[in-house]
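Reading the structure
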Amino acid sequence: DFKSKISIPNSNSLILRGLYNFTKKWPNLGSQIREKIIPQFSLEILSHDEQPEKVIHAFSYLTYFQIPKKELSFNLLYMFSSRLDDHDISIRKQAGKFLLSQQHNFPLIKVRLLTSLLTETNDELRLSIIQQIETDDNSIDLIEPLYPLIHDRQLDLRYQALKL
């Protein structure tokens with residue numbers, strides 16, 4: 001069995017990049033690789049040990065692997081979104097990048113991203129996240145979380161909220 005032979009090292013980016021390239025070359029085996037990667041990285045993201053580099057690494061590679069919708073769930077993404085409130089700015093940035101990469105697959109995650117901006121203390125991160133949120137004709141769920149941002153103290157953020 002191919003999946004049982006896959007071993008994912010915690011910090012070997014060369015092997016992870018190789019696995020990513022493998023998934024692109026042989027997409028029919030890619031889901032088996034991602035089935036091994038997602039649980040391992042989920043544990044690293046959701047554990048509350050004091051190793052931010054593990055969490056950053058996990059979010060970074062989940063973003064890099066471009067996980068398809070059928071291999072994730074909204075509940076898991078919502079649990080990951082708790083890292084938007086982490087004390088470490090690097091973790092919040094990587095969490096935001098990953099969640100933004102999944103906004104097409106799970107449009108409701110945009111609501112969570114917008115509400116996180118209300119308590120985010122880093123103005124650069126706030127602006128970066130709101131600039132990357134994409135809307136369409138079905139984005140009515142965003143009206144309520146956008147309302148307080150229209151009255152935000154940061155002028156650029158108010159402007160982006162109005163544009164959405």
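Right above here is the structure, for reference.
Before going into details, it helps to say that this report is about the structure given with it. (Residues numbered from 1 in each chain as written. Predicted model: local features only at pLDDT ≥ 70, side-chain atom pairs only at ≥ 80, totals over all residues. Heavy atoms only, no water.)

1. A few points about the side chain of Arg92
Where we set the bar: Where helices and strands are cited, they refer to DSSP runs of H or I of at least four residues and of E of at least two residues respectively, numbered from the N terminus. The definition of a polar contact used here is a pair of N or O atoms within 3.5 Å, where within protein one atom must be able to donate a hydrogen and the other to accept one, and adjacent residues in sequence count solely through side-chain atom pairs. Contacts: residue pairs with any heavy atoms within 4.5 Å of one another.
Secondary-structure assignment places Arg92 in helix α5 (residues 89-101). A distance of 3.3 Å separates a polar side-chain atom of Arg92 from the backbone oxygen of His87. Filtering out sequence-adjacent residues up to four positions away, Arg92 remains in contact with Arg83, Leu84, Asp85, Asp86, His87, Glu120, Thr121, Asn122 and Leu125.

2. Some thoughts on the pattern of salt bridges
Worth spelling out the cut-off: Salt bridge, as used here, is a side-chain nitrogen of Lys or Arg placed within 4 Å of a carboxyl oxygen of Asp or Glu. Residue burial is assigned from relative accessible area. The probe radius is 1.4 Å, only protein chains are included, and a residue is buried under 20% of its type maximum, exposed over 50%, and partly exposed in between.
As enumerated under the stated definition, the model contains 7 salt bridges in all. Here Arg83 makes a salt bridge to Asp86, at a shortest N to O gap of 2.5 Å. You'll find Arg83 and Asp86 in the same group, each marked buried. For Asp123, the salt bridge goes to Arg153, with nearest N and O atoms at 3.1 Å.

3. So, helix α9 (residues 155-163)
Worth spelling out the cut-off: Summarising the geometry, the arc corresponds to the directions from the helix axis toward the C-beta atoms.
Taken residue by residue, α9 has Leu157, Gln160 and Ala161 as its buried positions. The buried side chains of α9 occupy one side of the element, clustering within an arc of 100 degrees when seen end-on. Of the exposed residues in α9, the ones pointing more than 90 degrees away from its buried face are Leu155, Tyr159, Leu162 and Lys163. Where α9 is buried, its residues meet α6 (109-117), α7 (123-132) and α8 (143-150).

4. What to know about helix α1 (residues 13-25)
Defined as follows: Take the number of residues in a helix, subtract one, and multiply by 1.5 Å to get its expected span.
Compared with an ideal rise of 1.5 Å per residue, which puts 13 residues at 18 Å, α1 spans 18 Å between its outermost C-alpha atoms and is within 8% of the ideal. Taken together, the buried positions of α1 are Leu16, Leu19, Tyr20 and Thr23. Projected onto a plane normal to the axis of α1, the buried residues spread over an arc of 100 degrees and lie on a single side. Exposed and facing more than 90 degrees away from the buried side of α1 are Leu14 and Lys25. Residues of α1 that are buried sit in contact with α2 (27-46) and α3 (52-64).

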